[in-house]
Amino acid sequence: MPKDEHIKKPSSAAGGWGALKSVGKQLMGTGQAVTGAKTLLKLNQADGFDCPGCAWGDPEHGSSFEFCENGVKAVAWEATRARVTADFLREHSVASLQTWSDHDLEHLGRLTAPLRYNAQTDHYEEVSWSAAFEGIAQALNALETPNQAEFYTSGRASNEAAFLYQLFVRLFGTNNFPDCSNMCHEASGVALTEAIGIGKGTVQLEDFEQADLVYCVGQNPGTNHPRMLATLREVIERGAKVCVFNTLKEKGLHRFADPQNKIEMIVGGSQPTSTEYFQPRLGGDMALFRGMSKVVLEAEDKARAEGQPPVLDHDFIAGHTSGFEDWCDIVRATDWQHIEAQSGLSRADITRAAELYLNADKVIVTWAMGITQHLHSVDTIREIASFMFLRGNIGREGAGLCPVRGHSNVQGDRTVGINEKAPAAFMDALEKELGVTLPREPGHNVADAIGAMLNGSAKAFFALGGNFARAVPDSTLVAEAMGKLDLTVNIATKLNHGHLMPGKVSYVLPCLGRTEIDKNSKGERQMITVEDSMSMVHGSAGINTPASDQLKSEIGIIAGVAKATLGSEVVDWDALADDHDKIRDMIARVLPMFGEFNTQVRKPRGFWLRNPAALREWNTPTNKANFGVAQLRDQTEWQAAQGQEATFVLQTLRSHDQYNTTVYAMDDRYRGVYGIRNVVFMHADDIKRIGAKADDIVDVVGCYNDGRVRACRGFRLVSYDIPRGCIAGYYPEMNELVPHQTVGTQSFTPTSKSVMVRIEPHGE
């Protein structure tokens, strides 16, 4: 493709014919287009399977087409006819495969048999399940202590698999659970637990039907959870407002053409997904909400002085919150110059955004990783919650807090026990259920696990899905460390780079996908469950013939490893693997919130996990919802970069043809980038300021001063609507620039949205 063909005019709106063409292309690319099309009719249906993509909720009264472009990509990616064969593995060494791109590796197709690494030949070879289980058990039991092993979990794992996994690991003797939550929404869990007593959002999908105003903050639903676009559009169509705060101008947050709207598709129309759009600087969101809170407090002062009705919900504040006066003192003492400098927005803009709040009775705030992957993310989310407390916008219909999770079950995995610091009540119940004593010492999160790999104290790594080595910061450094481990194990459906960093002993264990039928020994179709961002638990049962008769479910694989490692004296692993209802019964005994789990999950659309904060019950030390206590930072990374030549603040993000580290294709039509991924999005004036022009090739070099050179070389400059001093680029390619040492305060989440870098001419 000629150089100038890589960058084109972006789509005018999200969805539309572009989405339909992409759907067709993805289905045709599987080699099983008809099967794929039939499969889609069971996606997010009561008698089908839950989407393996995002965690956006399903409507109470769904249609026959409850899927989006991303859902199609996820299904097509899994349902491909392509296979990784034994002949292919004999022909390609691990060293040669390491040079392949993420996109090309995963398009090799499905894994069909267990694999064991042969260090002498540098090839993976097929092995029997019994040999794999025994080999893994032998390596785990050879460790000096269970704490030398790290057990990672992807958010695509089901509730049943995750519960069984943590059961196995705790019985093995450790609480080392580095989890994908640690890399994305951990700040939401920490902040909301402090603020409202539960680390989850408080809204259900139906609340959007009643909201007067939705603030959409630090997220890009067009790429990451496209079904949300229809919800935002519907909010506006009934006369409510959608106010966006996002550093980049994103098509999905501007307009959406609904592919299911026949008239709209015929005339080429689209409808807005936002009524106001503001672009704060990276790291400026806390200052933005602090400024809006100042406007609300000033409006309250004015109303009181003029004898007008109060602006604040004083009954809610007095009856349900703690720390209001102290927080007010902090807000009032924060000057506007500080707020404007950090947020990148003027006082007039912030006032306009706050006036929307003052004129709305029911308000929802949604956010994603644009908020959670900063040094001060916990404080920012506490500030968002405090802002919402002012007018009682929590615990009532049409209002609340809504962190939008990524992977389909990242929230559910945490609910059922994937937690390196599990609550005492959970551990008490688990010990009662099993009749044994379990380790209580806090285990490792992702940051701890990386540290343990780098210092050599970790000897084994076991991954329930995911692509850990590519998802983490300092990816090259972590890859080197993983290659020095005694044992690596990956449960997966396809090859990825995480499998190509084998330890001394290494296994790749192929599992069934979400779309595939899982039968027990009686020939009965098994079901698993997931929990979405709205605390709804759904059943999911595959409908397609498995890619290989050798595939096992994630549950079956975990049970096989656990039995070989621990025996069956405490837990009958075979019985649980053969009847998932028994796992759900155990979950309900340990976690009574699940109630009659097996009965409820068989209802259409599943059931809601009771959320105390949504009912204005506050499980906090004060028994109230707590206002924040943090001052604004002295300066953000953006402010620190000012005055330094060619220095910018970088955020990593997904392309449109991508979900987490899975790259479905090489195009990003919403941003106008085709066929390439090594790009840097930058304001046109910044491109001129560094003496460059759009389409120039540059090097991006990290500024973290620890003696290590972090660089992404040979990246193309793309002019984009983004604040001056802020730049963006795709991950996992740019994870190399994120230092593993820089993590969020309290959350320990990588600061992937605030990385200081320099732009240098290519080759210098």
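Residues numbered from 1 in each chain as written. Predicted model: local features only at pLDDT ≥ 70, side-chain atom pairs only at ≥ 80, totals over all residues. Heavy atoms only, no water.

**Description of the overall build of the protein chain**
Rules: Note on conventions: DSSP H or I runs of at least 4 residues are helices, E runs of at least 2 residues are strands, and numbering of each starts at the N terminus. Exposure classes here rest on a 1.4 Å probe applied to the protein chains alone. A residue is buried below 20% of its type maximum, exposed above 50%, and partly exposed in between. Residue contacts follow a heavy-atom distance rule, with two residues in contact if any of their heavy atoms lie within 4.5 Å. Throughout, the Shrake-Rupley method with a 1.4 Å probe supplies accessible areas, and for residues the shown protein chains are the sole cover considered.
Across its full length, the protein chain holds 30 helices and 31 strands. C-alpha atoms of the protein chain, sized along the principal axes, occupy 80 × 60 × 55 Å. Burial statistics for the protein chain: of 764 residues in total, 63% are counted as buried. Counting only contacts in the protein chain whose residues sit at least 6 apart along the sequence, the fraction spanning at least 24 positions is 78%. Just so you have it, the protein chain exposes about 27,400 Å², and 49% of that area is on carbon and sulfur atoms.

**Thoughts on the nonpolar core**
If you look at soluble globular proteins, the nonpolar side chains tend to sit buried side by side. Threshold: Definition used in this section: a nonpolar core is a set of buried Ala, Val, Leu, Ile, Met, Phe, Trp, Tyr and Cys residues joined via side-chain atoms within 4.5 Å.
Leu140, Phe151, Leu164, Phe168, Leu509 and Phe594 are the most contacted members of the largest nonpolar core, which has 63 residues in total. Leu164 has contacts with Ile555, Ile558, Ala559, Trp573, Leu576 and Ile583, leaving out every residue within four places of it along the chain. With 60 residues, the next largest nonpolar core counts Ala187, Val190, Phe316 and Ala360 among its residues.

**Re the sheet that holds strand β27 (residues 679-682)**
By way of backbone hydrogen bonds, the strands of a sheet pair with one another, either parallel or antiparallel. Filter applied, for reference: For two strands to pair, DSSP has to find at least two bridges joining them. Interaxial angles span 0 to 180 degrees and are taken between N-to-C directions of axes, which are lines fitted to C-alpha atoms, for helices over the stretch in contact.
With respect to topology, 6 strands assemble into a closed barrel ordered β22-β30-β27-β29-β28-β31, the strand pairing being mixed. Strand-to-strand twist in this sheet, taken as the mean axis angle between neighbours without regard to direction, amounts to 45 degrees. Alignment of β27 against strand β29 (residues 711-719), held across 4 bridges, turns out to be parallel. When the sheet's bridge partners are listed, Val680 is paired in β29 with Leu717.

**Let's talk about helix α21 (residues 424-434)**
The condition that has to hold: Comment: arc refers to directions from the helix axis out to C-beta atoms.
All buried positions along α21 are accounted for by Phe426, Met427, Leu430, Glu431 and Leu434. Buried residues of α21, viewed axially, fall in a sector of 130 degrees; they line one side. For α21, the exposed residues lying more than 90 degrees away from the buried face are Ala425 and Lys432. Buried residues along α21 sit against α8 (159-172) and α27 (580-590). Looking at the residues trailing α21, positive phi occurs at Gly435, about 75 degrees.

**Concerning the packing of helix α9 (residues 186-196) against helix α19 (residues 377-389)**
Angle between the axes and distance between the axes: these two values describe a pair of packed helices. Quick reminder of the rule: Each angle is binned into one of four classes, with values under 35 degrees roughly parallel, values over 145 roughly antiparallel, values of 65 to 115 roughly perpendicular, and all other values oblique. Note on convention: the crossing is left-handed when the near helix lies turned anticlockwise from the far helix by less than a right angle, right-handed when the turn is clockwise. In this classification, the charged set is Asp, Glu, Lys and Arg, the nonpolar set is Ala, Val, Leu, Ile, Met, Phe, Trp, Tyr, Cys and Pro, and all remaining amino acids, among them Gly, are polar.
At a closest axis distance of 8 Å, the pairing of α9 and α19 adopts a crossing angle of 45 degrees. Judged on the interaxial angle alone, α19 and α9 are oblique. Along this stretch, α9 crosses α19, giving a crossing that reads as right-handed. In contact with Ala187, Ser188, Val190, Ala191, Leu192, Glu194, Ala195 and Ile196 of α9, α19 contributes Ser377, Val378, Ile381, Arg382, Ala385 and Phe389. Tallied by class, the residues present in the contact of α9 with α19 amount to 10 nonpolar, 2 polar and 2 charged.

**Some thoughts on unusual backbone geometry**
Following Tyr731, the chain continues into Pro732 via a peptide bond in cis, with omega recorded as 10 degrees. Mapping Pro732 onto the fold places it in the loop between β30 (726-730) and β31 (755-761). At Asp122, a position not held by glycine, the phi torsion is positive, near 60 degrees. Relative to the helices and strands, Asp122 resides in the loop between β4 (115-118) and β5 (123-126).

**Considering helix α7 (residues 129-141)**
Definition in use: An expected span of 1.5 Å times one less than the residue number is assigned to each helix.
With 13 residues, α7 extends 18 Å between its outermost C-alpha atoms, agreeing within 8% with the 18 Å of an ideal straight helix rising 1.5 Å per residue. Buried residues of α7: Trp129, Ala132, Phe133, Gly135, Ile136, Ala137, Ala139 and Leu140, and no others.

**Some thoughts on the environment of Gln204**
Here Gln204 shows up in the loop between α9 and β7 (213-217). For the pair Gln204 and Asp532, spaced 328 residues apart in sequence, the C-alpha to C-alpha distance is 10.0 Å.

**Here's the deal with the packing of aromatic side chains**
Counted only if it meets this: Working definition: a ring pair exists when centres of Phe, Tyr or Trp rings (six-membered ring for Trp) sit within 6.5 Å. Plane angles under 30 degrees give stacked, over 60 give edge-to-face, the rest tilted. Either the NZ atom of lysine or the CZ atom of arginine qualifies as a charge over a ring when it sits within 6 Å of the ring centre and within 35 degrees of the ring normal.
Tallied over the full model, the rule gives 29 aromatic pairs. Between Phe389 and Phe627, the ring centres sit 5.3 Å apart and the planes meet at 80 degrees, which makes this aromatic pair edge-to-face. With Phe389 in helix α19 and Phe627 in the loop between β21 (625-626) and α29 (637-641), this residue pair connects regions lying 238 residues apart in the sequence. Of the two residues, Phe389 and Phe627, both sit in the buried class. Both rings, one in Phe461 and one in Phe468, keep their centres 4.8 Å apart while their planes meet at 40 degrees; by these two values the pair is tilted. With a relative accessible area of 1%, Phe461 lands in the buried category. For Lys249, the ring lying beneath its charged end belongs to Tyr277, and the centroid distance is 5.1 Å. One residue, Arg281, lies across the ring of Trp638, its end atom 3.5 Å from the ring centre.

**Points about the sheet that holds β4**
On the basis of which strands lie adjacent, the open sheet formed by 6 strands has the order β5-β4-β17-β16-β15-β6 and mixed pairing. Since the sheet does not close on itself, it has two edges, and those belong to β5 and β6 (149-153), each with one partner. For this sheet, the mean inter-axis angle between neighbouring strands, taken without regard to orientation, is 20 degrees. Here β6 runs beside strand β15 (residues 460-464); their pairing, made up of 5 bridges, is parallel.

**Brief notes about the side chain of Lys294**
So the rule is basically this: Counted charges follow a simple rule, with Lys and Arg positive, Asp and Glu negative, and His plus the chain ends left uncounted. For this document, the term salt bridge refers to a Lys or Arg side-chain nitrogen within 4 Å of an Asp or Glu carboxyl oxygen.
Here Lys294 shows up in helix α13 (residues 285-305). This buried residue, Lys294, is left without a salt bridge; Glu298 holds the nearest opposite charge, at 4.6 Å. Discounting chain neighbours no more than four positions away, the residues touching Lys294 are Val331, Arg332, Thr334, Trp336 and Ile339.

**A look at the pairing of strand β16 (residues 487-492)**
β16 sits mainly inside the fold: 6 of its 6 residues count as buried. Relative to strand β17 (residues 505-510), β16 runs parallel, the two sharing 6 bridges. Considered in β17, the bridge of Ala492 is made with Pro510.

**So, the pattern of salt bridges**
What the rule picks out here adds up to 39 salt bridges. Arg584 is paired through a salt bridge with Asp581; the nearest N and O atoms lie 2.7 Å apart. On the criterion of helical spacing, the pair formed by Arg584 and Asp581 is a turn pair, its members being 3 residues apart in helix α27. When salt bridges that share partners are traced, they join Asp474, Asp706, Arg708, Arg710 and Glu736 into one network.

**Some words on the side chain of Gln373**
The residue Gln373 is located in the loop between α18 (369-372) and α19 in this model. For Gln373, a relative accessible area of 6% translates into the label buried.

**A few points about the packing of α8 against helix α25 (residues 554-566)**
One way to put it is that α8 packs onto α25 with a least axis distance of 9 Å and a crossing angle of 15 degrees. Viewed along their axes, α8 and α25 adopt a mutual orientation that is roughly parallel. The chirality of how α8 crosses α25 is left-handed. Across the interface between the two elements, Glu160, Ala161, Leu164, Tyr165, Phe168, Leu171 and Phe172 of α8 pack against Glu554, Ile555, Ile558, Ala559, Val561, Ala562, Thr565 and Leu566 of α25. Counted by class, the contact of α8 with α25 contains 12 nonpolar, 1 polar and 2 charged residues.

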